[in-house]
Amino acid sequence: MFVNVNPTNYVAIKKWSDGDKPREKLIDKGATALSDAELLAILLHTGHQQKSAVDLAREILRLAKDNLSELGRLNVNDLRKLKGMGTAKAVTIVAALELSRRRQASRVLQKNVIQTSSDAALFFKPLLADQHHESFYVMFLNHANKVLQCKCVSSGGMSSTVADPRIIFREALDLHATKIILCHNHPSGSLRPSQADISVTKKIKSAAALFDIEVLDHIIVAETGYLSLVEEGVI
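Residues numbered from 1 in each chain as written. Predicted model: local features only at pLDDT ≥ 70, side-chain atom pairs only at ≥ 80, totals over all residues. Heavy atoms only, no water.

Undergrad: Before we move on, can you summarise the pairing of strand β2 (residues 147–155) with the specific residues and values?
TA: Sheet topology places strand β1 (residues 135–141) next to β2; seven bridges connect them, and they run antiparallel. Of the residues in β2, the one forming a bridge with M139 is C150. Count of turn residues in the β1/β2 antiparallel hairpin: five residues, of which N145 carries a positive phi of about 65°. (Pairing = 2+ DSSP bridges. Helix = DSSP H or I, 4+ residues; strand = E, 2+ residues; numbered from the N terminus.)

Set out below in structure tokens:
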């Protein structure tokens, strides 16, 4: 079923004054001068029948409860529920949001060195907080805490995922990593570690000792924030 909200007093964007057209406005005044709906409208390029690209953008924002964090959680199928949102438009929005997440994460990696748990959390949160399923990531570092690589080693269901230590340590040995940071997300929004979270952390930490690899932390991220098992005294 399509969600359809019929706008009133429809006027095509091409008939707007240049000062009100999103593209022209961005060129003249800069991106910060545009509303969220106007920025989305530029990505959409066109509207649908009796609604402009801006009208369609407003519908997208309403679908996301006028919250950009919620918008980041929408997938292609969610967006296609709106009348006028074909696959191409939906893919463009999802791709733009993913680029935004990666941009945020890249700021941490530009530093190359992870000094604290919050440094690692700032990298992981944009990548994982919006996901609807659990994913388990490992950050591989050298003796100076320089990031060598970050990799998803497992992706599971809504409430759990299984991280295979063999995959983790094979990668660590290939990279000559001496330290690792574990991270997974909780789609529920809860930051409380489960008994399974604690158990798998201890299992990986024990195995790591056999390879002279140090587990610096295990971080849980959610839309609400992050939790460090080291800072909480769990490991």
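Text resumes after the structure shown.
Undergrad: For the packing of aromatic side chains, give the residues involved together with the corresponding values.
TA: Scanning the model with the defined rule gives three aromatic pairs in all. Ring geometry for F124 against Y137: centres 6.4 Å apart, planes inclined by 70°, an arrangement best described as edge-to-face. Of this pair, F124 sits in helix α7 (residues 117–128) while Y137 sits in strand β1, and the two are 13 residues apart along the sequence. One aromatic cluster is present, formed by F123, F124 and Y137 through successive ring pairs. (Phe/Tyr/Trp six-rings, centres within 6.5 Å; stacked < 30°, edge-to-face > 60°.)

Undergrad: Explain helix α2 (residues 36–44) to me, using residue names and the numbers behind them.
TA: Taken together, the buried positions of α2 are A37, E38, L40, A41 and L44. Relative to the axis of α2, the buried residues are bounded by an arc of 160° and lie together on one face. A positive backbone phi angle near 75° is found at H45, which sits one or two residues after α2. (Buried < 20%, exposed > 50% of the residue type's maximum accessible area, 1.4 Å probe, protein only. Arc of directions from axis to C-beta.)

Undergrad: So, the sheet that holds β2: which residues are in play, and what are the values?
TA: One open sheet accounts for five strands, arranged β2-β1-β3-β4-β5; its pairing is mixed. Two strands close off the open sheet at either side, each with one partner strand: β2 and β5 (225–228). Strand-to-strand, the axes of this sheet are offset by a mean angle of 20°, without reference to chain direction. Relative to β5, strand β4 (residues 214–222) runs antiparallel, the two sharing four bridges. Bridge pairing in β5 links I219 to S228. Helix-sheet contacts for α7 involve β1, β2, β3 (179–185), β4 and β5, and the interaxial angle to β4 is about 45°. Sheet strands touched by helix α9 (residues 195–210): β1, β3 and β4. Its angle to β4, the strand with the most contacts, is close to 155°. (Axes fitted to C-alpha atoms, helices over the stretch in contact; angles between N-to-C directions. Contact = heavy atoms within 4.5 Å.)

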